[in-house]
Amino acid sequence: DRILADRAKRRIGEIQSVSALARRYGASRTTVLFALKVLSRDGIVTQLPGRAWAFQPMIDSPQAHAESFEMRLSLEPLALGSPGFALDSKRAGLVRTQTEDFLTLDESRLTARRFHRLDIDFHTLVAEGSGNRFVRSTLLGHIRLRVASRGGQTVPAFRMLQSLREHIDILDSLERKQYAL
C-alpha cells in the first residue's frame, strides 16, 4: 500500500530496485520482493532484466482518468458483443441487489468506498462474461489497475447515483439478452 501510495503521488520514480525500496521503507529485501511480486501479479509492475522493476502507467491524473474511461467505453461493448458472452446470472443478481440497496440510501449515507466496490463488481461482471479471452484479460487487468490507482478518490453523490442507475439499466438489457443495446 505504501509503495502504491508513493507511486500514485509520484514520490518514487517509474523504475525502482529492490534495494532502493528496501532502504526507503526500512523493510527487508525479501519483504519488498514479495510486495513487488504481488504488484506484478496485478500488472502494476514488471520485472526488468537485472534487479530493476518498472511501474506500469497508473491512473493518476485527469488525463489518465479520461483515457481509462475511454478505453472502457471501447472495450466493454466488445466484451458484451463477443460471441459466447455469458452473464453470470447469480452474480448479476447479487450486483443488482447491492446496487439497488445503495440507491435507496439517504444521500448522507452514501460512501465513495462502497460505491467503488459496487462499480468494480459491475465492471468485473461484464469483463468476466466476455467470450473473448483477450478482451476479458485486458479488462480484468485494467480493473486491477483502477483498484490499485484509487487513493481516497471522492465522487459527488449525484455522480454515484447516476452511474449506478446506468448499471441497473445495463443489467436490465443484459438479462433480456439485448447485448447490442
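Residues numbered from 1 in each chain as written. Predicted model: local features only at pLDDT ≥ 70, side-chain atom pairs only at ≥ 80, totals over all residues. Heavy atoms only, no water.

**Q** Mind laying out the overall build of the protein, listing which residues take part and the relevant values?
**A** The helix and strand tally for the protein stands at eight helices and three strands. Helices and strands in the protein line up, N terminus first, as α-β-α-α-β-β-α-α-α-α-α. Taking the principal axes of the C-alpha coordinates as reference, the protein spans close to 55 × 40 × 30 Å. Of all 181 residues assigned to the protein, the portion counted as buried reaches 39%. Summarising the internal contacts of the protein: among those between residues at least 6 apart in sequence, 64% fall at separations of at least 24. For the protein, the exposed surface amounts to about 10800 Å²; the carbon and sulfur share of it is 53%. Of the charged side chains in the protein, 28 are positive and 20 negative; the average position of the first set lies 9 Å away from that of the second. (Helix = DSSP H or I, 4+ residues; strand = E, 2+ residues; numbered from the N terminus. Buried < 20%, exposed > 50% of the residue type's maximum accessible area, 1.4 Å probe, protein only. Contact = heavy atoms within 4.5 Å. Areas by Shrake-Rupley, 256 points an atom, 1.4 Å probe, with all protein chains shown as cover. Lys, Arg positive; Asp, Glu negative; His and termini not counted. Charge placed at Lys NZ, Arg CZ, Asp CG, Glu CD.)

**Q** So what's going on with the side chain of His-142? Residues and values would help.
**A** Among the structural elements, His-142 can be located in helix α7 (residues 133-149). Setting aside residues up to four positions removed in sequence, His-142 forms contacts with Ile-59, Ser-68, Met-71 and Arg-72.

**Q** Could you give an account of the side chain of Ser-130, naming the residues involved and the relevant values?
**A** With respect to the helices and strands, Ser-130 occurs in the loop between α6 (112-129) and α7. Separated by 3.0 Å, the side chain of Ser-130 and the backbone nitrogen of Asn-132 make a polar contact. (Polar contact = N/O pair within 3.5 Å; in protein donor to acceptor, adjacent residues only side chain to side chain.)

**Q** Please give an account of the environment of Thr-124 that cites residues and values.
**A** For Thr-124, the location among the structural elements is in helix α6. Sequence separation between Thr-124 and Arg-136 is twelve residues; the distance between their C-alpha atoms is 9.1 Å.

**Q** Break down the sheet that holds strand β3 (residues 52-55) for me, citing the residues and quoting the values.
**A** Strand order in the open sheet made by the three strands is β1-β3-β2, with antiparallel pairing throughout. Bordering the open sheet on either side are β1 (15-17) and β2 (45-47), each of which pairs with just one other strand. Mean inter-strand twist for the sheet, computed between neighbouring axes without regard to direction, equals 30 degrees. Inspection of the sheet shows β2 paired to β3 by three bridges, in the antiparallel sense. Paired with Thr-46 across the strands is Ala-54, a residue of β3. Relative to β3, helix α3 (residues 29-41) is tilted by about 40 degrees, and along the sheet it contacts β2 and β3. (Pairing = 2+ DSSP bridges. Axes fitted to C-alpha atoms, helices over the stretch in contact; angles between N-to-C directions.)

**Q** An account of the nonpolar core is needed here, citing residue identities and associated values.
**A** Grouped burial of nonpolar side chains is what soluble globular proteins tend to show. By size, the foremost hydrophobic cluster in this structure holds 19 residues, and its most contacted members are Ile-3, Leu-21, Leu-36, Ile-44 and Val-45. Here this core gets four residues from one element, more than from any other, and that element is helix α2 (residues 18-25). Excluding residues within four positions of it along the chain, Leu-21 makes contact with Ile-3, Ile-12, Gln-16, Val-32 and Leu-36. Formed by 17 residues, the second largest nonpolar core is a distinct cluster that contains Ile-120, Leu-125, Val-135 and Leu-171. (Core = buried A, V, L, I, M, F, W, Y, C linked by side-chain atoms within 4.5 Å.)

**Q** I'd like to hear about α7, residue by residue, with values.
**A** For α7, built from 17 residues, the straight-helix expectation of 24 Å at 1.5 Å per residue is met to within 8% by its first-to-last C-alpha distance of 24 Å. If you check which residues of α7 are buried, you get Val-135, Leu-139, Gly-141, His-142, Ile-143, Leu-145, Arg-146, Ala-148 and Ser-149. For α7, the elements touching its buried residues are α1 (2-8), α4 (62-81) and α6. Where α7 begins, the side chain of Asn-132 points an oxygen toward the backbone nitrogen of Phe-134, at a separation of 2.9 Å. (Expected span 1.5 Å × (residues − 1).)

**Q** Provide a residue-level description of the packing of α6 against α7, including the pertinent values.
**A** The interhelical angle for the contact between α6 and α7, taken along N-to-C directions, is 165 degrees, at an axis separation of 8 Å. As the angle between them shows, α6 and α7 are arranged roughly antiparallel. Relative to α7, α6 is oriented so that their crossing is left-handed. For the pair formed by α6 and α7, the contact residues are Asp-119, Ile-120, His-123, Thr-124, Ala-127 and Glu-128 on the first element and Arg-136, Leu-139, Leu-140, Ile-143, Arg-146 and Val-147 on the second. Here the contact of α6 with α7 is built from residues that sort into six nonpolar, two polar and four charged. (Parallel < 35°, antiparallel > 145°, perpendicular 65-115°, else oblique. Left-handed = near helix turned anticlockwise from the far one by under 90°. Nonpolar A, V, L, I, M, F, W, Y, C, P; charged D, E, K, R; others polar.)

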